[in-house]
Amino acid sequence: MRIVVIGATGHIGTFLVPRLVRAGHGVVAVSRGTSTPYADAPEWERVERVTADREQEDRDGTFGDRIAALAADAVVDLVCFTLESAEQLVRALRGSGTHLVHCGSIWRAGVSHVLPITEETATPPFGEYGTQKDAIARMLKQETADGGVVTTSIHPGHISGPGWLPIGPLGNLDPTVVTRLSAGEVVEVPGLGAESMAHVHADDVAQLFQLAVEQRDAAAGEDFFATAPTALTVRGYAALVASWSGREARLESVSWDRFRETTATEHADASWEHLSRSQVFSTEKPERLLGYAPAYTASETVRDALRWQAEHGDLGVDASFRP
């Protein structure tokens, strides 16, 4: 197939594009041209490159037509964040026969009520990001039901992999949390530490996108959560990190007010966004319909990401830290 990947050099595209090339597809990689994939691979030499500023072209009303003109069998949209942007692309693809596979987010689901969360039991979203992702997914599902563009939406968890810092044990991107745990220092935890996170390896997300593209009929009109088959709690994640230095995690439970007083605002806000949801997702639906088989557990996912960080000197840890 001829497959267009929008946002091709990001977290998912880094793994998806080489996968598609190895499978024999012709790939058109669309990006702003300001970054390179997180991991190099020889398959990129066989990829057609297109440079486009989506935000500007969305404002100009030209982006959808640009993508439609590429005449692809499938379009994988990894960087769509508003309903208006999604609708513009859908309008341009109507009548083309192209399969549109959209990247959403697990935050289209709100706080957890029943665990694991399924596509049918997710609670309503909150916050602008999750609300927009949910609105896009609902629009796409209705578009296909009405006989328009064939669409699929995939909703990844906290994407992790070599090359970037994963969401950490406190649900934020503060690297000093790992440093303190590895040094045996006390780490203040907001709440009980029983709150959960939904990590997923970027290559497993790429796997599900590939499966959806290659099984159009099974994926048509569907939405799927993409996470690891397991999930880590705050205290479980902390214990794992500390163990890589041969230590036990020393955790002190504090109130959210106390946590906000002692934590940078950006990190405290990120912790609240992740931990207040306390999400664990079922992977039964993509496994059943598409054969999704994630290769990484949540523990293996964060280990792979933090090992890369340690090996490249991007963590303030000593030689005893060995993920």
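For the structure itself, look to the data block above.
From a predicted model like this one, the values you see are computed outputs, not experimental measurements.

In the structure shown here, the tally under the stated rule is 7 aromatic pairs. Between Phe225 and Phe281, the aromatic rings sit 4.5 Å apart at their centres with planes inclined by 50 degrees, giving tilted as the arrangement. Taken together, the residues span a long stretch of sequence, with Phe225 in strand β11 (residues 223-226) and Phe281 in the loop between α11 (265-275) and α12 (284-290) at a distance of 56 residues. Residue Phe225 shares its accessibility class with Phe281, and that shared class is buried. Between the aromatic rings of Trp244 and Phe321, the centroid separation amounts to 6.0 Å while the plane-to-plane angle is 75 degrees, which identifies the pairing as edge-to-face. Taken together, the positions of Trp244 in the loop between α9 (234-243) and β13 (250-254) and Phe321 in the segment after α13 (298-311) put the pair 77 residues apart, joining distant regions of the chain. In this structure, Trp244 and Phe321 share a single accessibility class: buried. A connected cluster of aromatic rings, assembled from ring pairs, spans Phe81, Trp107 and Tyr129. Positioned above the aromatic ring of Trp107 is the side chain of Arg277, whose terminal nitrogen or guanidinium carbon lies 3.9 Å from the ring centre. The ring centre of Phe224 lies 5.3 Å from the NZ or CZ of Lys285, which sits over that ring.

Looking now at the environment of Val47. In this fold, Val47 is placed in the loop between β2 (26-31) and β3 (48-51). Under the relative-accessibility criterion, Val47 is labelled buried at 10%. Taking the C-alpha atoms as reference points, Val47 and Pro18, 29 residues apart in sequence, are found 8.9 Å from one another. Val47 has contacts with Val17, Val21, Val27 and Ala29, leaving out every residue within four places of it along the chain.

This part covers helix α1 (residues 11-22). By the criterion of burial, α1 is predominantly enclosed, with 10 of the 12 residues buried. Listing the buried residues of α1 in full gives Ile12, Gly13, Thr14, Phe15, Leu16, Val17, Pro18, Arg19, Leu20 and Val21.

Tallied over the entire structure, the rule returns 19 salt bridges. Between Asp174 and Arg180 there is a salt bridge; the shortest N-O distance is 3.9 Å. On the accessibility criterion, Arg180 (24% relative accessible area) is partly exposed. With its nearest N and O atoms 2.6 Å apart, the salt bridge here joins Glu284 to Arg288.

In the segment running from Leu115 into Pro116, the intervening peptide bond is cis, with an omega of -5 degrees. A positive phi angle, near 50 degrees, is found at Ala71, a position not held by glycine. Checked against the element boundaries, Ala71 lands in the loop between α3 (63-68) and β4 (74-77). The phi angle at Ser278 is positive, at roughly 45 degrees, despite the residue not being glycine. Topologically, Ser278 is positioned in the loop between α11 and α12.

Spatially, 7 strands are ordered β3-β2-β1-β4-β5-β6-β11 in an open sheet, and the strand pairing comes out parallel. In this open sheet, the two edge strands, each paired with only one partner strand, are β3 and β11. Ignoring which end each strand starts from, the neighbouring axes of this sheet average 20 degrees apart. Sheet analysis places strand β1 (residues 2-6) next to β2, joined by 5 bridges and oriented parallel. Of the residues in β2, the one forming a bridge with Ile6 is Val30. Sheet strands in contact with helix α5 (residues 128-145) are β5 (99-103), β6 (150-156) and β11, and its direction is about 155 degrees off that of β6.

Turning our attention to the state of the cysteines. Evaluation of the coordinates by the stated rule reveals 0 disulfides. Left unpaired, Cys80 is separated from the closest cysteine sulfur, that of Cys103, by 9.8 Å. The exposure class of Cys80 is buried, given its relative accessible area of 0%.

Reading the values: the criteria
- Residues numbered from 1 in each chain as written.
- Predicted model: local features only at pLDDT ≥ 70, side-chain atom pairs only at ≥ 80, totals over all residues.
- Heavy atoms only, no water.
- Phe/Tyr/Trp six-rings, centres within 6.5 Å; stacked < 30°, edge-to-face > 60°.
- Helix = DSSP H or I, 4+ residues; strand = E, 2+ residues; numbered from the N terminus.
- Buried < 20%, exposed > 50% of the residue type's maximum accessible area, 1.4 Å probe, protein only.
- Lys NZ or Arg CZ within 6 Å of the ring centre and 35° of its normal.
- Contact = heavy atoms within 4.5 Å.
- Salt bridge = Lys/Arg side-chain N within 4 Å of Asp/Glu carboxyl O.
- Pairing = 2+ DSSP bridges.
- Axes fitted to C-alpha atoms, helices over the stretch in contact; angles between N-to-C directions.
- Disulfide = S-S within 2.5 Å.

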